[in-house]
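# Inside the fold
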Amino acid sequence: MNKKRFVWLPVIIAVAVCAGIYAGNFYTRISLSGRNFSSLAGQNKIDNLINIIDRHYVDSINPDEIIEKVMPKIMKELDPHSLYIKASDFEKVNEPLEGSFSGIGIQFNMAIDTVTVVSVIPGGPSEKVGLLAGDRIVTINDTTYVGKEVSMDDISSRLRGPKGTTVKVGIKRTTSKELLPFEITRGDIPLNSVDASFMIDEKTGYIKISRFGRTTYNEFMNALAQLRNSGASNYIIDLRENSGGYMDEAINMVNEFLPKDRLIVYTEGKASPRNEAISNGTGAFQTNPIVVLMDEWSGSASEIFAGAIQDNDRGTIVGVRSYGKGLVQQQIPFADGSAIRLTIARYYTPSGRSIQREYKLGESEEYELDYISRLEHGELLSQDSIKQNDSLRYETYNGRTVYGGGGITPDIFVPRDTTNITSYFLQIMNTGALYRFAFEYADKNRETLKQYNNCDSLLAYLQSQPLLEEFVSYAQSKGIKRRPVYIQISKQLILDGLYAYIVRNTLEENDFYQVLAKSDKTILKAQEILREGKSFPQAPVKSAEQEPATDK
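These figures come from a predicted structure and were not determined experimentally.

### Details of the sheet that holds strand β11 (residues 204-209)
Pairing in this open sheet of six strands is mixed, and the strands run β10-β11-β12-β15-β16-β21 from one edge to the other. Here the strands that pair on one side only, and so sit at the sheet edges, are β10 (194-199) and β21 (412-413). Here β11 runs beside strand β12 (residues 234-238); their pairing, made up of five bridges, is parallel. Considered in β12, the bridge of Thr204 is made with Asn234. The strands touched by helix α20 (residues 521-531) within the sheet are β11, β12, β15 (290-294), β16 (316-319) and β21, with β15 carrying the most contacts at an inclination of about 160 degrees.

Structural data, given as structure tokens:
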């Protein structure tokens, strides 16, 4: 009997285990079917994952928070310019391109521990209630901001707000012992993309464009018209440090300089058929000489503008090789107020070249280090260091050679001038000593400086003052050691900076750029090209061997 029991025992146990497994699976299927897992079969894997976690994870979680963290990571697996915009950041991210925001209409600075009004925007809400340059904002909505370590962003967010809302500020003014109360109704404040426009000599107008926003074309046309009325027949268009923006604005601007039926740019992508922009011949400046300034931060729409001018042999490009962004993004909104900017096409200059530099999907960090690589290879100092790919050779309208594959290479290279840069100069710039001195000097001498109501007269006054010695003593009081040899080498750089920033803190942005232009070697080179009548690129001279055969 014991032997029979020993033989059957394993069989009985095995049958019991199988029955248990079957029963477990049976009841599990019933349980899971009640949880609607089968309903997920038609969804994509990411939706499946989020839903499974939401329904069955051991602890309570917020699926929306997980999605907010996942979305940027998904976009990072694409090209370096596709990105996710959180709903909370949407307005701030788009603001520079939209052309306006709601606020009180001042430019301000943090002078040591006090918010000081640098300038009041004409016609803005602050001017209407009587705020003045030099006023100190002591309180905002009854909260004191003197002696506190507050960021500029924090101050800005408290002064900005929806149009029609009010903000109360307490103002300390030199002419009053009492704190002056002001209640300001916020309004639309223009964000200009044309930073400056002025006559740089008797025949030449200069226009500085910081971005291609929704209002840029109109601003640009107003600037061109005013300069023409002032006698301009030549134009310098400064796109340095302009990272781009709306492509349509750049296209409309280029159209003003091209004859009819010239290709400006075309775009093409997997789901985007070729789309061409062609000049319509209505431009008001088709024959005026122009020079376009570029640097390593000029990208996207700036490169569309410069590429169209270069490939059509319409003007001369001066500076250093541009950024190299040839991708087109479309902004796609979501119901919660967030959005993605998705690359949908590449753009090509009239000669057919893509100026997008190389990248690998999901490796944006290496892509962003390209600037460091350019520095290390000396590209900003020597034209010979620019390496071109012969397989990406193209021809302009008149047959000049241009290259694709990484930015717009200028027709005339102007290197960064590092001759007078010393360790002392770098120290005063990196610590902000020069900017702080310029602000405090303008603030302390405001009554004297406001007697000079234009750039030239104020500059002449400043040049008669012992500014260099005053600044060096100021810098020394801030812990920057006096170094006579290096100060002498960098003397002009220091003075040029002091003049420009004191003028900016006293007059307008336009005046600031006028001062900078007087010593800017890239601008000086552009003026030389225009004076010599060399702004229109010439077709290459063909040798006898290249000439086509003709019948005799």
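### A look at the packing of aromatic side chains
As enumerated under the stated definition, the model contains 13 aromatic pairs in all. Between Phe257 and Phe285, the aromatic rings sit 6.3 Å apart at their centres with planes inclined by 45 degrees, giving tilted as the arrangement. A residue pair is termed long-range when its members are at least 10 positions apart, and Phe257 in the loop between α8 (247-255) and β13 (263-269) and Phe285 in the loop between β14 (272-278) and β15 qualify at 28 residues. As far as the burial class goes, Phe257 and Phe285 line up, both buried. Aromatic rings pair up to connect Phe220, Tyr235, Phe257, Phe285 and Phe305 into one cluster. It is Arg274 that lies over the ring of Tyr266; its NZ or CZ is 3.6 Å from the centre.

### Describing the confidence of the model for the protein
Averaged over all residues, the pLDDT of the protein is 86; the fraction at 70 or higher stands at 88%. The low-confidence segment residues 26-35 (pLDDT under 50) makes three contacts with residues lying over four places distant or belonging to another chain. Taken together, the stretch residues 548-552 has pLDDT below 50 and engages in zero contacts with residues farther than four places along the chain or on a different chain.

### A short note on the environment of Ala250
For Ala250, the location among the structural elements is in helix α8. Separated by 14 residues in the primary sequence, Ala250 and Ile264 place their C-alpha atoms 9.6 Å from one another. In contact with Ala250, not counting residues within four places along its chain, are Phe212, Ala301, Ile304 and Phe305.

### Section: the pattern of salt bridges
All chains considered together, the criterion is met by 22 salt bridges. Measuring nitrogen to oxygen at the nearest pair gives 3.0 Å for the salt bridge that ties Arg400 to Asp411. Remark: Asp411 occurs in the loop between β20 (401-403) and β21 and Arg400 occurs in the loop between β19 (393-395) and β20; sequence separation between them is eleven residues. The partner of Arg504 in a salt bridge is Glu509, with the nearest N and O atoms 2.5 Å apart. Judged by relative accessible area, which is 25%, Arg504 ranks as partly exposed. Judged by relative accessible area, which is 25%, Glu509 ranks as partly exposed. A network of salt bridges, in which partner residues are shared, links Lys208, Asp238, Arg240 and Asp520.

Reading guide: rules and limits
- Residue numbering note: each chain is counted from 1, following its sequence as written.
- Per-residue local features are limited, in this predicted model, to residues with pLDDT of at least 70; the limit for side-chain atom pairs, both in listing and counting, is 80 or more; totals at the level of whole chains, interfaces and linings are taken over all residues.
- Processing note: side-chain calculations cover all non-hydrogen atoms of the structure and skip hydrogens and water entirely.
- Only strands that DSSP links by at least two bridges are regarded as paired with each other.
- Going along the chain from the N terminus, every DSSP run of H or I of four or more residues is numbered as a helix, and every run of E of two or more is numbered as a strand.
- For this analysis, residues touch if any pair of their heavy atoms sits within 4.5 Å.
- Fitted lines through C-alpha atoms serve as axes, helices being fitted only where they are in contact, and the angles separating the N-to-C directions of these axes extend from 0 to 180 degrees.
- Planes of paired rings set the category: under 30 degrees apart is stacked, over 60 is edge-to-face and the rest tilted, where pairs are Phe, Tyr or Trp rings (Trp by its six-membered ring) whose centres lie within 6.5 Å.
- Partly exposed residues are those whose accessible area sits between 20% and 50% of the maximum for their type, while under 20% is buried and over 50% is exposed, using a 1.4 Å probe and protein chains only.
- Note on geometry: a ring has a charge over it if NZ (lysine) or CZ (arginine) is within 6 Å of the ring centre and within 35 degrees of the ring normal.
- As a per-residue quantity, pLDDT reports the predictor's confidence and falls between 0 and 100.
- Here, a salt bridge means any Lys or Arg side-chain nitrogen found within 4 Å of an Asp or Glu carboxyl oxygen.

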